[in-house]
Amino acid sequence: MSRRILVPLLLAALMVPFAVAQDAGNNQQGDRGNRGGGPGGPGGGDFRQRILDNIKEQMGVTNDDEWKVIQAKLDPVMQKRTEAQAGGMMGMFRGGRGGRDGGGDDNRPRSAVETASRDLRTTLENKSASEDDIKAKLTAFREARDKARTELAAAQKDLKEILMPRQEAVLVQYGMIE
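These notes cover the structure that comes with them. Computed from a predicted structure; not experimentally measured. (Residues numbered from 1 in each chain as written. Predicted model: local features only at pLDDT ≥ 70, side-chain atom pairs only at ≥ 80, totals over all residues. Heavy atoms only, no water.)

**So, the packing of helix α3 (residues 64-85) against helix α7 (residues 131-160)**
Packed helix pairs are specified by the crossing angle of their axes together with the interaxial distance, meaning the distance between the axes. Relative to each other, α3 and α7 sit at 160°, their axes nearing to 8 Å. Relative to α7, the element α3 is oriented roughly antiparallel. α7 is crossed by α3, and the crossing has left-handed handedness. In contact with I70, K73, L74, P76, V77, K80, R81, E83 and A84 of α3, α7 contributes R145, A148, R149, E151, L152, A155, Q156, D158 and L159. The class makeup of the residues in the contact of α3 with α7 is 9 nonpolar, 1 polar and 8 charged. (Axes fitted to C-alpha atoms, helices over the stretch in contact; angles between N-to-C directions. Helix = DSSP H or I, 4+ residues; strand = E, 2+ residues; numbered from the N terminus. Parallel < 35°, antiparallel > 145°, perpendicular 65-115°, else oblique. Left-handed = near helix turned anticlockwise from the far one by under 90°. Contact = heavy atoms within 4.5 Å. Nonpolar A, V, L, I, M, F, W, Y, C, P; charged D, E, K, R; others polar.)

Below, the structure written as structure tokens:
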């Protein structure tokens, strides 16, 4: 694969979880595509569909029935991957002063990692929070993140079991599986 194709592909793969998480949080301004509570989780809309279409094309899947089987296993991986990464650097920028998480205007369901991250951030913003409170929130966050990572690994394993080598390689390139 030429560098002109590989470099943008790798950059896109690195941006997928952040863009999906960002787009999922911005879905309050009217209908911009699939809003839904589909298998891939809330939001994502057109961007998510373009990613899926690109993955399908790169995999060389032409049979819709085959794609349905793959997508049924890929959707949980995408959702769990977003959950497992929630609360990191993205979490720092989303809350607090003027952030979406601070205002309560986002009614979408939150993952356990997002909730624990928000609780930890709120505790840290409280300058009088005790060391024990901070430790408890940090422990809860780590436990939620570890559980999400375990669930992601299980979903990835389940997906890999049905893939052909080319398909697996494409998903490794997209960062969906290890």
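**Focus on the packing of helix α6 (residues 112-125) against α7**
The geometry of α6 relative to α7 is characterised by a closest axis approach of 8 Å and an angle of 160° between their N-to-C directions. One element, α6, and the other, α7, form an angle in the roughly antiparallel class. In terms of crossing hand, the pair formed by α6 and α7 is left-handed. Two secondary-structure elements touch here, α6 through A112, V113, A116, S117, D119, L120, T123 and L124 and α7 through D133, I134, K137, L138, A140, F141, A144, R145 and A148.

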